[in-house]
Every structure is written in C-alpha cells, then in structure tokens.
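An overview of the molecular structure
What follows is the residue order along each chain.
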Amino acid sequence: MVFTMRTRRRIQIILYNILVVIVISTSTTLANDIVMIPKYEQDNFKEMELGARIAHEELNKKDDLTFGSLIPQRATSGKDQIRYVQDATNLNAQVIMLSNNAGRAIENYTKAAHDSGSFVVTYDSPLMGGKNAGEIVHVAPVDFAQTGLVLADMALSILGGGGDFVIMGSSPKSSNQVAWIMALKKAIKNDAKYSNIRLVAEEVYYPDEDNRAGYKNKTLEIAQLKINGTYPELSLIMVPSTSGAAAAAAALVDQGLCDIMKVSGLGFPPELLRASKRGCAPEFVLFDNLDLGYLAYHASHKLVTGQLEGKIGETVNAGRLGTRQIEADPHRENALWIKLGDFIKYDESNVERASFLECIMGYCGNEEDTEFFHSKFRGKYKSKALAIIPKVTGTISFLCSLLLASYILSSRKRRSSVFGRIMVGLSISDMCSSAMWFLSTWPMPTNSWLHWGTAGTTRTCSAQGFFLQLGLCTATCYQATLLLYYFLTIVKQSRESQIKKWEIFFHVVPCSAGLGTSIAGLVLKLYNPSSRGSVCWISEYPAYCSKSLSCDRGQNAIMYQWWFLYVFVCLTFIWLIVAMSTIFHKVRGVEKKARRFSHESGSSKDVAMQALLFTISYAIPWIWAPIKAGIDTADIIFTNPNADDAVIALSIVNVIIFPLQGFFNFLVYLRPRYGQVNTWVANIRVVVAVRNCFKMKKSSSEKQAGDVTSSFEGNQTDVEMK
C-alpha cells in the first residue's frame, strides 16, 4: 500500500504523540523519591506494596516524599528488574526498594545506583553481595535459619514421624529460596529429630517454566514417581514458594491425588484454602506480607530523612510495629539486616479467617479457587439468612405503618390533630425504610460476593441507599418531634391551637435533614453494599477497603455514617432522656397535688406512659445498629479474632429487630384503644349474660349494647391526647 506524503506525515505525528505520552507516563511513574520493585505481579507482593503505601500515607503527613512501584512481568522478571533499577538511578530516585529476582546479575546495577547517591534497600529477597552490591540494609521477613527448621518441623508433622519428601523451588536465581532450601537440608542432616524423614532427591525440582502451568506439570511428574513405584514412600512436596505451593496444591486437588500426596511450605492462605479443606495442604507457613512492606518503607523513609545511616545497632521506629534493630546479617558477609519477626503457621484452625481477611482486602487468590472461597464464606457468615429475614420483618413493618397512616388519615378529626400528622410523617418515613429492608440484597451489584441473592447494579444499590437513608434519618427526627409534642402538652401545658403555630417546623426539620443527608450521600457515592449486612447504605466498597487504602467508593464511610445518621440518633436519645425525665417529674407533681385535693390525675399519667412507650419502641431497634457499626470496622475485624462471631450474631439480631420500627409504633399507638375495646367487650358480655339468664326480649339496654358492638366492629374511637 502506497501512502501519500501528507498521509505519512500524519502517521508520523500520531506515532510521535503516542511515544511522547508513553515517555511522559513512564517518567512520571519512575520519577519518585522512593521506588518499589517487587519480583513480579502476585497477591503477596501486592500486599507488601500495600503495607508500604500505608506507611507512606502515615509518614507523608510530615514529609512531602513521593512513592511509586514498578512491577515486572513474570516471564521477564529479572531483565525487567535490571532495567527498572537503571531507570530509577537515571531519574535520581532517593531509595530503590528491591525484592531481588535476578540473582547476582543485578548487583552491578544496584552498585551503580548506590554510587550515584541512591539508597538500595532490599526486602523479601536480598542481594547476596550485601554492601559490595550496593545494598544498605535488607529487611528480612524471618531468619533464614529459622525457615529451615520450620519447614523441617512441618515435614515431620505431616509425615507422621517418618516418610519421604522432595523439594520443589521456583528458580535457582531466587536468593531467599536458595538460602531456605540450604537451611532445610542442613536441619534434616544435622538434627537426629529428623532421622526418620528422608529427602529422597538431593537436587531441587524446578518447573520447566516459571508459571502456574509449569508448577502444575512438575507437581504431577513428582506424583507419578510415587505412582510408578520409583519412590513408593514419597508423600510430601515441600515448596518454599507461595506461587509454587498454590499451583502444586491446585494440581493435586484437580487430579484427586490428595490421599497420596501432600503439599507444604510457604503458602498464601486464600490460594491454599481449597487444598487445606481437601486435605492436600494440612500445614503451611508465611510471614506477614503487609507488615514486611510496612517495615521496609519505614527503613527507607528514615534513610532519606537522615534518621538512619545504615549502621549496626541503629534502631528503626516502625510505627505500629514498634522498634526493630539493624544487625549484622548472620547468613551473608558484609551485609546488614532488619528482621521482621517469626513465621505464622496456618492449618485447619486458622486458615479460614486468614483467607477471609486477605480476600476482603482484594487478595482472593487464583480464579479457580475463588468460587469455592466465596461459597464457603457466604455460608459461614449467614449471608442467606441475612438476605431473607429482613424481607419478612420489613414487610411486617411496612404493612403496620401503612395501616397506621391509613387509620389516621381516614378520620378528619384524627388527621387534623398535630399528634395525628406527626404519626403520619413517622409512618411514611418508616414505610420508606421498611420497603428498602424488604428489597434487602436484591439491589446489590451481582459481584458482591459477601452477600446472597444479589441481582442489581451500582445504580440500584445507590437508589436503595438513598431511600433507606431518607427513611431512617427522617424517622429519627420525627421521633424527637413526637416527644417534643408530648413535652409541650404535659410539661408546658400548651394547647393544641398554640402548638399548631409551630407545627410547620415539626415537619420541615425532619424532611430537610432526611433529604439533605440522603442527597449528599448520593453525590459522595457513599451508598454501597454493607460489609456484612443486608442492604445498601453508607459503606466502604469493597468491604473494609479503608484497611487497604483502595476504596473504589465510600471513602471515609464510617465518618459519614456518624455525621449523617448516628449523630441524629445520639442527639435524639439525649433528648428522649431529658424530656422523659422532665415529663415524669411533672406527672409526679400533678399526682401529689391530686392526692392532696382528692382529685384524679389519670389523664396526665396515661399520656406520660404513652410517651414512654413510644420512646422504648424507638430505643429497642436502635440499640443494636450502633453496636454492630462500632464492631464491624476494619481496625477491629483485623485485630480481634472474636469480633467475627460478634458481628454475625449482631447482624442476625439487627435484621430481625431493626426493620420492625413501624410494627412497634403500631402497637404503642393501639395500646389505649385496646383498653377502651376491652371495656366495650365487658359491657357487651354483661348484657348478653342478663339476656340469657332472664330470657327477656331485647330491651332498650340491649339495643344500646348492640349499638356499641356495631360501633366497635365499624370504627375504633380515638383517645384524646390531653
């Protein structure tokens, strides 16, 4: 195809613009004060980066340092790391945080970076040359010698005191794995405790390709060694690599080989949950990825700001982790390290919780394990019950509020009173929220894996959250208004005509508060699926995303929950306590005067009791919601293992009681009328008894009783509020 000169010129301009955009975007990414270079893209390395970002957010309040990451492709990880180190050096990065996956080939480039003025801090996987390779300090997750003992102890435990196993690694260039494998072999060889377990192949098995398919194929080759009788006692593959362990376990599960072969080593809980439950991965260990990245950034930040020089004996203050000391690395010459801590062991007792915490931060493992993971936790956290129960309780509350509003509006006398109109406003508000409780999880986006029965989108979820917030906030304000009415009636002895002058504010304030907060929540994109609830409301999305600093929607949702609703609830509770105390003090004074002058004071006492019952009907549902909101936060869920059970229990109680606000109001409103009905029924029974006793014809008194019966069956008479 022949292009004209003009067309070729246009193509050149387009290609030039594309190149400029790529260069600018790449330079922007690289031109950071602190650059983090992991081995490749994988959940555990993402979590290390997250830990570094959390530390950056904490420390950046004082220092205006920039932070970024460069993630190599897995297939070309070593070459990409070398290129990224060169680029970061040329752009004068102050710190290069590196998890070495290029072996010794990268050491000339890290030395050049150091010589040009950059600090080189390694984490997870060090530079074997230490200071000679330009490394200032290595942030080690654990002691490599301890790693060998831990792996040997797990092999002994899984093999039942005796048996054969082999080792499968990911790459001979991975310096940390090489050190761990050497420590494992040394422990097996030198400690008599391990005399009954045997490493049948001295060489380490490596996959033909460093990817998931390569690990799976190599795992099945190893399993075949047992099946064909080459190693008949072989029953364990020890894998000191999270990606390798996940792939090996998946291969055994998929092929149904868990009865004859097990996997252990370093594992990421969500990736090994399915294998753990099937018996393929009974035990495995890992360090805390989040804390490793967090500690590595603290060390890097202190080097940049001059708080560290990188000498033995210096102390690193690492925020919530406390202090760590720089020491001589016992496994490398002329090298320093900072040790994070010890391994965390995972087995059947804790793998579920660990997997849940990782997954709600966005690290759910591989796609083939995701559905198993999701179904497991939908059952554990009662997602089906939380979706169905509010449909029942919400329907009951909606119908009761509808009946109450209809009953008041059906009578001119009832709807013309201030009290009646307040009750109508309260009932309509409750109908709004009760309808949203009935919808429960239907409006939630279908990808909300923590919930059952989802069938909506982000828009339907936002609509549900809008009307729920409107109903809850408005009803709360109407409840305060209702008690204000009682306060004016009993304490201030205000007449109906006097109260009506101010009635407009009784409706404007609740409606304005409800509409204002609900519209603000819509604008701020706060309405999302509740973390482990039944409806869309003011929530972080994804659940607990504040922990990972990566909320797609609902940033600072906990703060907005309090400002948009719980502040109103707390103020209403304070007003309820003050008003009810004043009302009962007033009623007690009236009773004393009545007894002194032999007068009855039943009217004021009955009205005060009615006010108290409305207060209780409001308080009962609202006791549970703030408690659950206070417990079901990222900070508590991640630090307190017992919080899960409390959240589940409170969630169930909440969806049973909270939507029944309209039902409780309905019962309280009918209470005085129920007493009047009992009196009518008693009168009717007396008349019927007299008639049966004397077998008289219907007298005028019986006709009157018949009229009462007819009146009762037709319409109930209001009790006047005095």
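Here's a quick rundown of the structure. The structure displayed is predicted, hence computed values, not measured ones.

1. Observations regarding the nonpolar core
Counting residues in hydrophobic clusters, the biggest one holds 98 residues, and the most contacted among them are Met97, Phe165 and Phe287. It is helix H10 (residues 289–304) that contributes the most residues to this core, 9 residues altogether. If sequence neighbours within four positions are ignored, Met97 has contacts with Ile34, Val35, Met36, Ile37, Ala52, Phe67, Val121, Tyr123, Ala296, Tyr297 and Ser300. Grouped together as the second largest cluster of nonpolar side chains are 60 residues, Val424, Trp537, Phe564 and Val668 included.

2. Comments concerning the sheet that holds strand S1 (residues 34–37)
Pairing is mixed in the open sheet, where 7 strands are placed in the order S2-S1-S3-S4-S5-S14-S13. Looking at the sheet topology across the chains shown, the edges are occupied by strand S2 (67–69) and strand S13 (327–328). Here strand S4 (residues 119–123) pairs with strand S5 (residues 135–140) via 4 bridges, running parallel. When the bridges of S5 are listed, Thr122 appears paired with His138. Across the sheet, helix H4 (residues 107–115) is in contact with strand S3 (95–98), S4 and S5; its angle to S4 comes to roughly 135°.

3. What to know about unusual backbone geometry
A positive phi is found at Gln493, a non-glycine position, where the angle reads about 55°. With respect to the helices and strands, Gln493 occurs in the loop between helix H16 (458–490) and helix H17 (496–500). The backbone of Lys525 shows a phi angle near 55°, a positive value even though the residue is not glycine. Inspection of the secondary structure puts Lys525 in the loop between helix H18 (503–523) and strand S16 (527–529). On the basis of relative accessible area, Lys525 is assigned to the partly exposed category, the value being 48%.

4. A look at helix H21 (residues 624–631)
Taken residue by residue, H21 has Ala625, Lys628 and Ala629 as its buried positions. Taken end-on, H21 shows its buried residues confined to a sector of 100°, consistent with a single buried face.

5. A closer look at the packing of aromatic side chains
This structure, assessed with the given rule, holds 24 aromatic pairs. With a centroid separation of 5.9 Å and an interplanar angle of 70°, the aromatic rings of Trp537 and Tyr566 are classed as edge-to-face. Of this pair, Trp537 sits in strand S17 (residues 536–538) while Tyr566 sits in helix H19 (residues 557–596), and the two are 29 residues apart along the sequence. You'll find Trp537 and Tyr566 in the same group, each marked buried. Arranged with centres 5.4 Å apart and planes meeting at 55°, the rings of Tyr560 and Phe564 form a pair that is tilted. Taken together, the residues span about one helical turn, with Tyr560 and Phe564 both in helix H19 at a distance of 4 residues. Here Tyr560 matches Phe564 in class, with each residue buried. One aromatic cluster in this structure is built from Trp437, Trp537, Trp562, Tyr566, Phe573, Tyr618, Trp622 and Phe658. One cation-aromatic arrangement involves Lys391 over Phe438; the distance from NZ or CZ to the ring centre is 5.7 Å.

6. Re the side chain of Lys218
Locating Lys218 in the fold gives a position in helix H7 (residues 212–227). Residue class for Lys218 comes out buried when judged on its relative accessible area of 11%. In this structure Lys218 touches Met168, Tyr205, Tyr206, Pro207 and Asp208, once residues within four positions along its chain are discounted.

7. A closer look at the pairing of strand S9 (residues 262–265)
Looking down a regular strand, the side chains alternate between one sheet face and the other. Pairing of strand S8 (residues 234–239) with S9 involves 4 bridges; the strand directions are parallel. When the sheet's bridge partners are listed, Leu236 is paired in S9 with Lys262. A crossover links S8 with its parallel partner S9, the connecting element being helix H8 (residues 242–254), and its sense is right-handed.

8. With respect to the packing of helix H13 (residues 383–409) against helix H23 (residues 643–657)
Across the interface, H13 lies against H23 with an axial gap of 8 Å and an inter-helix angle of 20°. For the element pair H13 / H23, the angle class is roughly parallel. Crossing geometry of H13 relative to H23 is assigned as right-handed. Each of Ala385, Leu386, Ile389, Pro390 and Thr393 in H13 lies in contact with H23, whose residues at this interface are Ser651, Ile652, Val655 and Ile656.

9. Describing the environment of Ala187
Mapped onto the fold, Ala187 is located in helix H6 (residues 175–190). Separated by 42 residues in sequence, Ala187 and Ala145 have C-alpha atoms that sit 8.8 Å apart. The residues contacting Ala187, other than those within four sequence positions of it, are Gly148, Leu149, Ala152 and Tyr194.

10. Here's the deal with the environment of Phe564
For Phe564, a relative accessible area of 12% puts it in the buried group. Beyond its immediate stretch of four places on either side in the chain, Phe564 contacts Gln469, Cys473, Thr517, Ala520, Gly521, Leu524, Leu526 and Ile538.

11. Topic: a nonpolar patch on the surface
Among the surface-exposed residues, Trp502, Ile504, Phe505, Val508 and Val509 lie close enough to one another that they form a single nonpolar patch of about 520 Å² accessible area. One can find Val509 in helix H18.

12. Side note on the environment of Ile577
With respect to the helices, strands and loops of the structure, Ile577 is situated in helix H19. Under the relative-accessibility criterion, Ile577 is labelled exposed at 58%.

13. So, the state of the cysteines
For the structure shown, the criterion picks out 2 disulfides. Each sulfur in the disulfide pair Cys258 and Cys280 lies 1.7 Å from the other. Here the S-S torsion is close to -95°, and the disulfide linking Cys258 with Cys280 is therefore left-handed. Separated by 22 residues along the polypeptide, Cys258 in the loop between H8 and S9 and Cys280 in the loop between helix H9 (269–278) and strand S10 (284–286) bring together distant segments of the chain. Accessibility assignment for this pair places Cys258 and Cys280 in one class, buried. Disulfide pairing places Cys461 opposite Cys536 at an S-S distance of 2.0 Å. Here Cys461 and Cys536 share a disulfide; its torsion about the S-S bond, -115°, makes the bridge left-handed. A residue pair is termed long-range when its members are at least 10 positions apart, and Cys461 in helix H16 and Cys536 in strand S17 qualify at 75 residues. Cys536 carries the same exposure label as Cys461, and that label is buried. Free of any disulfide, Cys511 has its nearest cysteine sulfur in Cys477, 9.3 Å distant.

14. Regarding the sheet that holds S8
The strand order across the open sheet formed by 4 strands is S7-S6-S8-S9, and the pairing between neighbours is parallel. Where the open sheet ends on each side, the last strands, each with one partner, are strand S7 (197–199) and S9. Averaged over all pairs of adjacent strands, the angle between their axes in this sheet comes to 30°, without regard to strand direction. The strands that H6 touches are strand S6 (163–167), S7 and S8; relative to S6, the one it contacts most, it runs at about 160°. Docked against the sheet, H8 engages S8 and S9, running at close to 170° with respect to S9.

The rules behind the values
- For every chain, the first residue of the written sequence is number 1, and numbering continues from 1 onward in sequence order.
- Per-residue local features are limited, in this predicted model, to residues with pLDDT of at least 70; the limit for side-chain atom pairs, both in listing and counting, is 80 or more; totals at the level of whole chains, interfaces and linings are taken over all residues.
- To obtain the side-chain values, all non-hydrogen atoms of the structure were included, while hydrogens and water were left out.
- We define a nonpolar core as any set of buried Ala, Val, Leu, Ile, Met, Phe, Trp, Tyr and Cys residues linked to one another through side-chain atoms lying within 4.5 Å.
- Here the term buried applies to any residue with accessible area under 20% of the maximum for its type, exposed to any over 50%, and partly exposed to those in between, with areas from a 1.4 Å probe on protein chains only.
- Under the DSSP-based scheme used, a helix requires at least four consecutive residues in state H or I and a strand at least two consecutive residues in state E, with every element numbered from the N terminus.
- Residue contacts follow a heavy-atom distance rule, with two residues in contact if any of their heavy atoms lie within 4.5 Å.
- The pairing criterion for strands is at least two bridges between them, as found by DSSP.
- Between the N-to-C directions of two axes lies an angle of 0 to 180 degrees, each axis being a line fitted to C-alpha atoms and, for a helix, fitted only over the stretch in contact.
- By arc we mean the arc of the directions from the helix axis to the C-beta atoms, nothing more.
- Only the six-membered ring of Trp is used, alongside the rings of Phe and Tyr, when aromatic pairs are assigned; centres must lie within 6.5 Å, and planes under 30 degrees apart are stacked while those over 60 apart are edge-to-face, with the rest tilted.
- Two conditions define a charge located above a ring, namely a distance within 6 Å from the ring centre to NZ of Lys or CZ of Arg, and an angle within 35 degrees of the ring normal.
- By convention, orient the strands away from the viewer: a clockwise path from the first strand over the helix to the second makes the crossover right-handed.
- Here is the rule for angles: anything less than 35 degrees is roughly parallel, anything more than 145 is roughly antiparallel, 65 through 115 is roughly perpendicular, and the remaining ranges are oblique.
- Here a crossing is taken to be left-handed if its near helix is turned anticlockwise relative to the far helix by less than a right angle, and right-handed if that turn runs clockwise.
- Without a salt bridge and with relative accessible area above 30%, a residue can belong to a patch; like charges are then joined within 9 Å and nonpolar side chains (Val, Leu, Ile, Met, Phe, Trp, Tyr) within 5 Å.
- Residue-level accessible areas treat just the shown protein chains as cover; the underlying method is Shrake-Rupley with a 1.4 Å probe.
- By salt bridge we mean one thing: a side-chain nitrogen of Lys or Arg within 4 Å of a carboxyl oxygen of Asp or Glu.
- A pair of cysteine sulfur atoms is labelled a disulfide when the two atoms are within 2.5 Å.

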